[in-house]
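Each chain, written out:
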Amino acid sequence: MTKSSNAMARVYKTPSRKPGVPVDNQLISAKGKGEIANVKPVDLNRVIRLLEDTLTVSLKERHLFTLKKIVKTYHKGFLLKDLENIFKIIDICSERIKDHEEYTSILHNLLKICGLPFLKEKTSDEVKYRDIAKQSLSRLGYLMRVPNADIRMQICASVSSFCSSPATKPTGMGLQPLSLSSRRELLEQSGVAETLVLSLALLQDQLAVRLEMLHTLQVLSSTSGVHCEVMLKAEAAQKLCLHMNEADPSGQLLFRSSEILWNLLERGCPQELTHQLSNMDSILCLKEAFLNQLQHGYRNYDQQLRNDLLVITTLIAENPKAPLIESGFARQLVHFATFPEMKSHNPLSRNLKLTFNNEDFEMKKLLLNMVVVMSQDLSAVQLFREGKVMLALMHLIKPPDTTQTSARSWTPVQQEELQLQALATLATLAPLMLEEYMTCQANTCILMLLEWCVQQDAYFSQGHSFHGTGGRGSKKAQLRYSVRLLRSMVSLDKPVINQDLCDQGAISLLLGLLMHLGGPDDEDVVTLEIKADLQLILSALCESDLHRKELFGTEGVDMAVRFLKMNPAKFYSGMGHSKLILSTVDCVWSCIIGCFTNEDVFLEKEGVYLLFDLIHSSPLTMHGVVLGALLELCDNPKALPHMRAWRGPGGVSVPQLLLQLWRQEEEDLGVQRDQHGRITDPLKPLVHPHQEEQSQVSSPADTPSAAVVDVAENQRSKIHGFFCKLGFEDLPGLTAEDFITLSIVNRYLDFKTGEVWEEISRELALEGVRPDTPDAEALATIAQATEDTAKRVVEQQSAILQKQEAEEAQKERETYAEIKSNHRQQELSAKSWEHFVAKTSDHRILKECKKLQEKSIEASRSRAKGRDSGTIYHHTHIAGLQTTTFCGRTMAVESTPAHLTGGPLANTDLALARVPITGGALRKLPQSAPQDLEHLNAVSVQ
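Let me begin by describing the structure that accompanies this report. Keep in mind it's a predicted model, so treat the numbers as computed, not measured. (Residues numbered from 1 in each chain as written. Predicted model: local features only at pLDDT ≥ 70, side-chain atom pairs only at ≥ 80, totals over all residues. Heavy atoms only, no water.)

Remarks on a negative patch on the surface
Let me state the cut-off plainly: Residues enter a patch when their relative accessible area is above 30% and they make no salt bridge; the linking distance is 9 Å between like charges and 5 Å between nonpolar side chains (Val, Leu, Ile, Met, Phe, Trp, Tyr). What sets the accessible areas is the Shrake-Rupley method with a 1.4 Å probe; for residues, cover comes only from the shown protein chains. A pairing counts as a salt bridge when a side-chain nitrogen of Lys or Arg comes within 4 Å of a carboxyl oxygen of Asp or Glu. The charged-residue count follows a simple rule in which Lys and Arg add positive charge and Asp and Glu add negative charge, with His and chain termini not counted at all. Note that the charge is assigned to NZ on lysines, CZ on arginines, CG on aspartates and CD on glutamates. Note on conventions: DSSP H or I runs of at least 4 residues are helices, E runs of at least 2 residues are strands, and numbering of each starts at the N terminus. Think of it in three bands: residues with accessible area under 20% of the maximum for their type are buried, residues over 50% are exposed, and the middle band is partly exposed, with areas taken using a 1.4 Å probe on protein chains only.
A contiguous patch of negative charge on the surface is contributed by Glu805, Glu807, Glu808 and Glu812. Position of Glu805 relative to the elements: it lies in helix H42 (residues 773–841). Glu805 sits in the partly exposed class, given a relative accessible area of 45%.

If you want it as structure tokens, here you go:
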């Protein structure tokens with residue numbers, strides 16, 4: 001013993017040994033980053049040899065002394081590079097604790113230090129020792145095998161502290177702790193959460209340890225989704241649920257378990273959690289916990305816990321395989337959903353009292369949501385009938401009575417939210433319970449609620465809830481969900497429900513609501529949705545009944561025309577205008593077309609023009625509905641003149657517009673055409689690639705073929721129907737390209753018939769069926785006839801194209817002739833100018849021109865009769881002039897002599913210049929002396 005003691009003394013006193021912690025070199029110098037002061041060195045390798053060596057294994061006092069020194073040395077945290085040796089020491093202590101209780105406190109202290117952040121000397125240590133750190137944390141979880149309550153609690157506390165404690169504050173120059181994010185990442189990669197979950201089975205008789213364990217799992221699940229995934233992998237949800245109702249005076253067991261389940265739901269995989277809880281044992285445990293909190297929990301804490309359990313139950317109800325009905329929990333939930341609206345003698349609700357606080361209000365909304373979720377299982381509908389859910393919901397949707405207020409009832413804000421949620425619940429539930437719906441006279445209640453929505457009163461909506469969006473300060477939210485409920489009912493196409501609505505004046509009421517809400521240019525999403533739903537309801541009511549279309553009447557036509565005048569720019573606003581215009585066209589199709597009275601009013605209000613304007617300006621996806629409505633309207637002969645008279649932008653006529661749509665449709669489908677629009681393959685004049693691919697596979701007998709499906713999937717059949725009404729000849733404004741397309745449209749039915757027979761032949765070949773000789777000849781004849789028809793169409797198209805080329809060539813020749821004529825006139829003008837210049841520069845040419853002029857003048861005169869019998873003939877030209885201009889004698893006649901007045905410019909520098917009778921150049925006359933006034937009236941001729 002003395003020798004061993006001296007050896008141990010030499011171990012700790014030898015200065016030449018390399019210390020476990022280098023303290024001379026300060027390798028980290030970062031201000032403000034949580035640095036730790038220097039620690040005294042300990043050689044951990046020697047400590048391990050001391051603990052394991054056969055010569056020193058029995059030196060317990062030495063062991064305890066050394067271990068206490070390690071605890072004191074590393075009281076600020078373990079170094080990353082020492083973790084491997086430290087956990088070897090911890091494992092040795094955990095093994096010896098069975099026989100020597102003295103090691104318990106040492107192990108406890110070492111585990112306590114494990115809760116502190118690991119320390120690093122260099123920045124690179126974090127990467128260098130990452131794997132060792134992960135293994136050390138995993139070994140920390142494995143220590144839960146130690147059958148000591150204090151040790152287990154300390155392990156849980158250390159894990160919680162390591163995951164959540166902040167880094168140590170700066171205390172000087174030295175070592176740096178790992179950041180919180182790095183520690184959490186190490187915990188995620190270590191898998192310690194899974195180990196702790198598996199350790200729950202060891203803690204059945206240790207309630208305090210279980211609570212500490214649940215607290216640790218709660219911390220881990222609240223910080224990382226990786227922990228949640230690992231815990232779910234270890235089936236944590238099921239294990240927690242099965243033991244949450246065990247005896248616990250503090251009530252922490254149920255709370256911790258529900259919080260962990262909630263974290264797993266938020267950050268983990270909800271489907272996996274639902275799968276683990278969708279068994280009879282788990283549902284019974286949830287049922288027990290919920291009923292206990294509902295009946296015996298009066299604190300706000302208990303009520304919140306009750307609501308959390310209800311949310312988890314709702315998620316389980318979404319799983320169709322969950323035995324919620326078999327466990328009896330669904331029946332109880334339905335009963336609570338109708339409380340307190342429906343009185344019952346059920347023992348569960350006999351002593352149940354609601355405080356109508358926020359938590360009870362949340363529970364009521366969760367129960368209504370639970371009803372919607374359970375309605376996905378049709379077997380739950382019988383529970384709804386027995387629980388009188390429909391009657392309770394009808395009680396909730398009644399308009400609130402503002403005159404009666406009580407402390408033992410819902411507040412006005414709560415009533416509003418429950419009313420809206422009840423309406424939303426009815427929209428899902430009522431189509432499944434038609435008999436109860438009619439028994440409760442729900443149509444009457446909804447129509448009365450609609451009338452209340454448009455009344456002017458002092459009601460002010462808060463609009464705080466999800467269902468109250470867009471309805472603050474008005475009843476728009478109630479109107480929205482009431483209309484949505486009606487839409488879900490009339491869409492069932494049940495004659496009893498629709499007739500009951502019409503008998504109560506629903507059509508006139510809905511039309512009044514549409515006119516009350518205004519035109520189609522609103523920018524409110526909720527209002528646009530309400531208008532679209534109202535129009536869809538009217539369409540469903542009037543679609544197949546002539547009398548209801550007559551009730552729709554002129555007022556309905558005015559409404560439809562008003563909405564068809566929507567600004568096309570709003571189609572792409574994203575606010576819902578496109579849905580509104582589609583519902584308007586559907587309303588026209590269902591409520592107007594088919595009733596001649598409505599059709600006549602619609603035509604008078606230029607409804608056909610509005611529909612064609614809509615085709616011209618709307619997206620391609622809207623064309624099908626509009627074309628279908630217009631095609632059915634063509635059955636009215638009064639509509640055809642309107643179609644022929646319509647002109648779009650640029651003077652586009654209806655045939656031109658339809659042919660443009662045909663070409664656009666074929667371009668989108670990928671039909672083969674050449675650059676001029678002619679047929680390129682006479683064997684497949686209408687087939688597109690997608691149709692050809694489908695034709696290569698044999699289809700069942702009850703499935704329509706690709707050629708038949710093509711008729712319904714695109715608009716070519718509708719366009720062909722239009723031309724069957726309008727005719728294929730004498731169509732105004734068509735170009736050669738239009739005529740080429742029209743030749744294909746004209747033979748559409750022949751080509752489509754050939755496609756069907758071709759598919760029949762192909763189906764027989766794919767199934768290995770050989771038709772007999774007459775049938776084979778008939779099929780070949782039909783195929784040849786279709787091909788010949790396509791070839792004739794190609795020839796017709798080529799003739800049209802040649803005619804167009806000839807017309808273009810003729811037009812080109814006429815254009816060139818006009819250009820040539822313009823150039824000839826310019827040449828004549830140039831020659832005339834050159835001749836004029838020649839006359840002014842060459843006197844000989846001027847004389848010749850003068851002779852020609854005189855000869856032309858003389859030749860143009862008529863011969864005077866009796867010229868030799870004394871007829872006086874006056875010459876109009878002056879002889880001897882050498883000009884080609886027309887000149888003659890001039891006579892000036894004045895009423896007042898110029899020498900008396902001096903002319904109009906006598907007082908200026910410009911004197912009156914005139915041509916004297918005697919001829920000669922202009923000269924300025926001298927001013928005459930003033931004369932008497934009596935001579936002013938004299939007239940002279942000079």
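Now that the structure is up, let's keep going.
With respect to the pattern of salt bridges
Inspection of every chain in the model, using the stated rule, returns 38 salt bridges. Where Lys81 meets Glu121, a salt bridge forms, and the shortest distance between an N and an O atom there is 3.5 Å. Pair noted here: Lys81 is in the loop between helix H3 (60–73) and helix H4 (83–96) and Glu121 is in the loop between strand S1 (119–120) and helix H6 (125–128), with a separation of 40 residues, a long-range link. According to the relative accessible area criterion, Glu121 is buried, its value standing at 9%. Of the charged contacts in the structure, one is a salt bridge between Arg480 and Glu529, with a shortest N-O distance of 3.0 Å. You can see Arg480 sitting in helix H26 (residues 476–490) and its partner Glu529 sitting in helix H29 (residues 525–542), a full 49 residues away along the chain. Judged by its relative accessible area of 15%, Arg480 falls in the buried class.

Quick word on the packing of aromatic side chains
Note the threshold: When the centres of two rings from Phe, Tyr and Trp lie within 6.5 Å, Trp using its six-membered ring, the rings pair. Their planes under 30 degrees apart give stacked, over 60 give edge-to-face, and anything left gives tilted. Two limits define a charge over a ring: the Lys NZ or Arg CZ must be within 6 Å of the ring centre, and within 35 degrees of the ring normal.
Taken as a whole and assessed by the stated rule, the structure comprises twelve aromatic pairs. When the ring of Phe118 is compared with that of Phe162, the centres are 4.9 Å apart and the planes differ by 50°; the resulting orientation is tilted. Of this pair, Phe118 sits in the loop between helix H5 (102–114) and S1 while Phe162 sits in helix H8 (residues 149–164), placing them 44 residues apart in sequence. Like Phe118, the residue Phe162 is buried in the burial classification. An aromatic cluster is built from Phe290, Phe329 and Phe336, whose rings are joined through pairwise contacts. Cation over ring: Arg183 sits above Phe162, and NZ or CZ is 6.0 Å from the ring centre. Over the ring of Trp662 we find Arg716; its NZ or CZ atom is 6.0 Å from the centre of that ring.

Side note on helix H16 (residues 280–296)
Along an α-helix, residues three or four positions apart point the same way, because every turn accommodates 3.6 residues. So the rule is basically this: Here the expected length of a helix is defined as 1.5 Å per residue gap, with one fewer gap than residues. The contact definition used throughout considers only heavy atoms, calling two residues in contact when any of these lie within 4.5 Å.
In this model, H16 (17 residues) spans 24 Å end to end at C-alpha, consistent with the 24 Å of a helix rising 1.5 Å per residue. Here the buried face of H16 lies against helix H13 (236–242), helix H14 (252–267), helix H15 (270–277), helix H17 (300–317), helix H18 (329–337) and helix H20 (358–374).

Brief notes about the environment of Asn351
Structurally, the position occupied by Asn351 is in the loop between helix H19 (347–350) and H20. According to the relative accessible area criterion, Asn351 is exposed, its value standing at 68%.

Observations regarding H4
Between its first and last C-alpha atoms H4 spans 20 Å; for 14 residues at 1.5 Å apiece the expected length is 20 Å, and the two agree. Counted residue by residue, H4 has eleven buried out of 14 residues, so it is predominantly covered. Looking only at H4, the buried set comprises Leu83, Asn85, Ile86, Phe87, Ile89, Ile90, Asp91, Ile92, Cys93, Ser94 and Arg96. For H4, the elements touching its buried residues are helix H2 (44–52), H3, H5 and helix H7 (130–142).

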